[in-house]
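Architecture at a glance
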Amino acid sequence: MTANSPSEQELLEMHRRMVLTRCLEETLGEMHKAGRTRGPIHRCDGQEAVGVGATAALAAEDFVTTTHRGHAVYLGRGLDPRRVVAEIFGRETGYCAGRGGHMLLGDVETGMLGGNAIVGASIPAATGMALSMQLQGAARVALAVFGDGAAQTGICHESMNIAALWRLPVVFLLEHNAYGLTVHHSAQSSVPELSARAAGYGMPGETIDGNDVVAVFQAVAQAVQRARRGDGPSLIEARTYRLEGFSTSDMGGYQPEDEIAKWRARDPIMLSRARLAEALGAARVAACEAAARAEMDAAFETALADPMPGFTPHAPSAPYSEPPDGGGR
Amino acid sequence: MAMMRYAEALNLALREEMARDDSVFVFGEDVAAYGGVFKVTQGLAEAFGDRVRDTPISEQTLTAMAVTAAMAGSRPVLEIMYADFLPLSLDALINQASVYHYIWNGQVSMPFVLRTQGGGGVGTGAQHAKSLDAMVAHVPGLKVVAPVTPADARALLKAAIRDPHPVIFLEHKLLYNLRGEVPEEDDAPGEIGRARLVREGGDVSIFATSRMVLEAEKAADDLAGDGIAAEVIDLRSLRPLDLGAITASVAKTNHAVVVNEGWRFCGYTAELAATIMDRAFDDLDAPVERVATRDMPIPYAETLEREVIPDAAAIAAAARRALA
Ligand SMILES: Cc1ncc(C[n+]2csc(CCOP(=O)(O)OP(=O)(O)O)c2C)c(N)n1
Ligand SMILES: [Mg+2]
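**Here we look at the overall build of chain B**
Broken down by element type, chain B carries 12 helices and 14 strands. In summary, chain B has a C-alpha radius of gyration of 19 Å against a globular reference of 20 Å for 324 residues, a match within 12%. Projected onto its principal axes, the C-alpha positions of chain B cover 60 × 45 × 40 Å. Across the 324 residues that make up chain B, the buried fraction comes to 63%. Intrachain contacts of chain B at a sequence separation of at least 6 include 82% that bridge at least 24 residues. For chain B, the exposed area adds up to about 11,400 Å²; of that, 52% sits on carbon and sulfur atoms.

**Remarks on the site of ligand 1**
All names here are of chain A. As a structural note, the neighbourhood of ligand 1 is formed by 14 residues, with His-68, Arg-69, Gly-149, Asn-177 and Tyr-179 the closest of them. Note that an oxygen atom of ligand 1 is positioned 2.7 Å from one of the side-chain N or O atoms of His-68. Tyr-179 is positioned with one of its backbone polar atoms (N or O) 2.8 Å from an oxygen atom of ligand 1. Contact with the protein chains hides 70% of the accessible area of ligand 1, taken as 580 Å² for the molecule alone. Looking at side-chain class alone, the shell around ligand 1 contains seven nonpolar, five polar and two charged residues.

**Considerations on helix 9 (residues 257–264) of chain A**
Residue and element names in this part refer to chain A. Those residues of helix 9 lying buried are Glu-259, Ile-260 and Trp-263. Take helix 9 and look down its axis: the buried residues cluster within an arc of 100°, on one side only. Structural note: helix 9 exposes Glu-257, Asp-258 and Lys-262 on the side pointing more than 90 degrees away from its buried face. Check the buried side of helix 9 and you find it contacts strand 6 (179–180), strand 7 (183–184) and strand 9 (234–239).

**Quick notes on the layout of surface pockets**
The computed volume of the largest pocket comes to approximately 560 Å³. If you go around the largest pocket, you meet 28 residues; those closest to its centre are B:Ala134, B:Ala137, B:His138, B:Tyr268 and B:Glu271. Secondary structure elements with two or more residues in the lining of the largest pocket: helix 4 (86–97), helix 6 (133–137), strand 12 (237–239), strand 13 (256–263) and helix 10 (268–280) of chain B. Sort the elements by how many residues they give to the lining of the largest pocket and helix 10 of chain B lands first, with seven residues. Here the lining of the largest pocket is built from residues that sort into 16 nonpolar, six polar and six charged. When residues are assigned to domains, the lining of the largest pocket turns out to be shared by domain 1 (2–182) and domain 2 (196–323) of chain B, each giving three or more. Around the second largest pocket, the lining is made up of 19 residues, and of these A:Arg38, A:Ile88, A:Phe89, A:Gly90 and A:Gly101 lie nearest the centre. In the lining of the second largest pocket, the residues fall into eight nonpolar, six polar and five charged.

**Here we look at the interface of chain A and chain B**
Every contact between the two is made by 47 residues of chain A and, on the other side, 53 residues of chain B. With both chains or domains summed, chain A and chain B bury close to 4,000 Å², and 60% of this area falls on carbon and sulfur atoms. Taken together, the links from chain A to chain B amount to zero salt bridges. Between chain A and chain B we count 13 residue pairs in polar contact (both at pLDDT 80 or more) in total. Breaking the side of chain A that touches chain B down by element, the ones donating at least two residues are strand 2 (106–107), helix 5 (122–136) and helix 6 (154–165) of chain A. The element best represented in the side of chain A that touches chain B is helix 5 of chain A, accounting for 11 residues. Considered class by class, the residues forming the side of chain A that touches chain B number 24 nonpolar, 17 polar and six charged.

**Observations concerning the coordination of the magnesium ion (ligand 2)**
All names here are of chain A. Within the protein, Asp-148 (OD), Asn-177 (OD1) and Tyr-179 (O) serve as the donor atoms for the magnesium ion (ligand 2), at 2.0 to 2.1 Å. In the primary sequence, the donor residues of the magnesium ion (ligand 2) line up as D-x28-N-x1-Y. Given a relative accessible area of 6%, Tyr-179 falls into the buried group.

**Structural notes on the side chain of A:His68**
By the element assignment, A:His68 lies in the loop between strand 1 (63–65) and helix 3 (71–76). In this structure, A:His68 is in contact with A:His42, A:His102, A:Met103, A:Asn116, A:Ala117 and A:Phe246, ignoring residues within four places of it in sequence.

**A word on the sheet that holds strand 11 (residues 230–234) of chain B**
Residues and elements named next belong to chain B. The mixed open sheet is built from five strands, whose spatial order is 9-11-10-13-14. Each edge of the open sheet is held by one strand with a lone partner, namely strand 9 (196–199) and strand 14 (289–293). Put simply, the sheet's adjacent strands are angled 25° from each other on average, direction ignored. Inspection of the sheet shows strand 9 paired to strand 11 by three bridges, in the antiparallel sense. Within the sheet, the bridge partner assigned to Arg-196 lies in strand 11 and is Asp-234. Lying over the sheet, helix 10 contacts strand 10 (204–208), strand 13 and strand 14, oriented at roughly 155° with respect to strand 13.

The rules behind each value
Per chain, the residues get numbers from 1 upward, laid out in the order the sequence is written. Lettering of chains starts at A and numbering of ligands starts at 1, both following the order in which they are written. At least 70 in pLDDT is required for a residue's local features to be given in this predicted model, at least 80 for side-chain atom pairs to be given and counted, and no such filter applies to totals for whole chains, interfaces and linings, which use all residues. To get the side-chain values, take all heavy atoms of the structure and skip hydrogens and water. Starting at the N terminus, helices and strands are each numbered in turn, a helix being any DSSP run of H or I of at least four residues and a strand any DSSP run of E of at least two. The atom set for the radius of gyration is the C-alpha atoms, and the globule formula is 2.2 Å times the number of residues raised to the power 0.38. Partly exposed residues are those whose accessible area sits between 20% and 50% of the maximum for their type, while under 20% is buried and over 50% is exposed, using a 1.4 Å probe and protein chains only. Between two residues, a contact is recorded if the distance between any of their heavy atoms is within 4.5 Å. All accessibility values rest on the Shrake-Rupley procedure with a 1.4 Å probe; residue burial counts only the protein chains present in the view. We call a residue near a molecule or strand when any one of its heavy atoms sits within 4 Å of it. Polar contacts, as used here, are pairs of N or O atoms within 3.5 Å; protein pairs need one atom able to donate a hydrogen and one able to accept it. Residues neighboring in sequence count only if both atoms are side-chain atoms. Ten residue types, Ala, Val, Leu, Ile, Met, Phe, Trp, Tyr, Cys and Pro, are classed as nonpolar, four, Asp, Glu, Lys and Arg, as charged, and the remainder, Gly among them, as polar. Starting at the helix axis, one direction is taken to each C-beta atom, and the arc is that of these directions. Definitions used throughout: a 1 Å grid over protein atoms alone; a cavity as a set of points that fits a 1.4 Å probe which cannot get out; a pocket as an open set with protein on both sides within 12 Å along at least five of seven lines; a lining residue as one with an atom within 4 Å of a point. Grid points are joined across faces, edges and corners, and a volume is the space filled by probe spheres set on the points. How far each domain reaches was decided by an automatic or database domain assignment. Two parts placed together each lose some accessible area; with a 1.4 Å probe, that loss summed over both constitutes the buried area. Any Lys or Arg side-chain nitrogen located within 4 Å of an Asp or Glu carboxyl oxygen qualifies as a salt bridge. Any N, O or S atom lying within 2.8 Å of the metal counts as a donor, and for Na, K and Ca the limit rises to 3.2 Å; water is left out, so some sites can look incomplete. Only strands that DSSP links by at least two bridges are regarded as paired with each other. Axis angles are defined between N-to-C directions and span 0 to 180 degrees, where every axis is a line fitted to C-alpha atoms and, for a helix, only to the segment in contact.

Any functional reading would require information that these geometric values do not contain.
Structure representation (C-alpha cells):
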C-alpha cells in the first residue's frame, strides 16, 4: 500500500482495522466498568484514522514507534487481535507474554517497536532506528507517532534537529488530540499550529485532518517516500480528538460537551463508512464491519481463556542476574 | 606487548572493533573532527568516515537513539563527555534500555556502549568531577565496568562492544595518561564480571573501583610499612559483581575495606558492604569499612577538594580501623 491514493480495497482494509480498534476500545471500556481490567487503559476512540492510516502507508520492513495510546497503531500494523488482547490481559500468549501490557507492547516481526509510556520517548526511539538504517544503507523508514503533549518535550526538539541535520529516514507524526492528559493544547504550546515548528528545523511540515484516514495515509505515504529517497524527515500534525477519557481512570470534566459533540459528528469511522458506502455499497461495508466485530469478539473470548504467565528466575546469562557464586578473579 | 596510554588503549579497542564489525559506530560531542575532548576517538573519523559522528549537544536524545539504533541492528558507542551529565541519559537508560529485553520477552537486545568519564582531583568543579557509578549500577539490565589499566581498558571496551546488552563504560579523567603494557598481539575481549587481583595479602581485603584502585595500592604500600599485608582487588566490573572473588578474599583476610569515588549515602560502597555482609558475614572479624566521597558537592579549591574525595591515607586509615 504505497501509492499515494489508496485503492478501494485498501480503504476498506483501513476501515476494517479502524472498526477492529473501536471494538477493542469499547470492549475494554465495558470490561473496565466490570472491574476486569488491570491498570489504566488509554483508549483512542475517535483517533483511529491516525494510527491506522499512517501504518497503512508503511512498507513491511519499516519501523513504527508509538505512545501509551497505541492500539490503532498495533492493529493498523496488522498485529493479531487475539495476541494484542492477550497482552492487555497479561496472558502468556500475548505479544510480550504479559511482561509489557497495553502501553508497552512490542513486536519485532512487524517492526512495531513499540508502545512507549514515557511521554515523548517514541520520538528519539524512531530517530535512533532511522540512524541505524542510514548507517546500514537500508532503505527502511521509521515512523514516530506522538501526542501534542509529547511535542512539548526537550527530546522532541533534540530529535527533530538531529533528524533534519542528518537527513534521517524518519517521519514525525504528531497525533494532536487537543489535550495532554487534562490540559488543553492552548495551555501547553506557544503556537497553535505545531507543524509551524518544522520550518525551524528546515523540514517540511503540514497540518492535516487526522479524522480523514485517506488524508493521513496520503500525507504519511508522501513523507515516507521522501524519507526513503534520503531526503530526510517530515513533520505531520494530524488534528483529531479523543472522544473518551484520557484513560479508564479519567474522572472527566475538562472536555466541553459541545466540543465533544462537534468531533463526534466527525467520527473517523463514520467518515470512511460514508465514503466507502458510496464506492462499494452500504451492504459490503456493513459486512466488513460485522466481520471485524466478530473477529474482535473472538479475540477476547480466546485471549481471556489463555493462561497467565508464571514467574521464572532469570537465566545466569540474562542481563538482569548476577553471575553465580564461585567465579574466579 | 606495547606500552601505551589508557586513552590510546581505548582508541585501539575502538579501531579494532570498528574494523572487525561494520555495525559498530561512534557518536558523541566533539568525537569526530577533534577526536574527543580527551582524545580517545582521535583519528577514527579519518579511518571510518560517517561511522564517527559529531553530534549536537543533546544527551537525552543521543542516549535514547543509542538504545534503538542497537535494537535495529547497529552497535553504537556513545561518548558522554562527563559522567556528571549522566542524569540526562538516565531516562533512556532506566526507562528504555533496561526494560525492553525483559518486557518484550527476549525479542530484542540492545548492544550499545555508553562511554563516559568521571571523578575529581583536578579542579573541574561540582558539575564536572562526580562519580555517579551507583546511579547506573543501581539499574537491573545495565552492566557497568570501570577498568583501571590500559590493558583492561582495551580488553573490556572490546567486550562491552561485543556484549549483546547495554554496557556503561566508566573511565576516569586522571587515568587517560596512565601508561601500561598492552598485549597488542592478543586481541581477545576481556570478560565482564571478573575482578582483578592487584596485590595479594592476608590481613585485610581492599575492594576498590576505578582510580581508587591506584589509591588503594598506595595505601597497601603504607600499610606494609606497619607489617600489615593488604590484599587489593580491582573490581573492574561494578555490575555484575565478581562475588566469588569478593567472598574468597574475605574468607582469607577476615577484614574488608570497600572504596569508591562516589558519594557515601546510598552509594556504591553501601552495596559492597551489604553484599559482603550477605555473603561473608561469618568470615568477618570486624565491620566492613567504607571509604567514599563526602556527601556534598565537589568543591573547586584544591585544599577543599582534597578533603572531600578519598585518597590513600583515608583508605589506609580505614584498614587500620578494621584491624583495630
Ligand atoms: C515523561 C512523562 N511525563 C508525564 C507522564 C504522564 N502522562 C502520561 S500521558 C500524558 C499526556 C500526554 O499527552 P499527549 O502526548 O498529548 O498524548 P495523549 O494522551 O493525548 O494521547 C502525561 C502527562 C508520562 N507518562 N511521562
Ligand atoms: Mg494529546
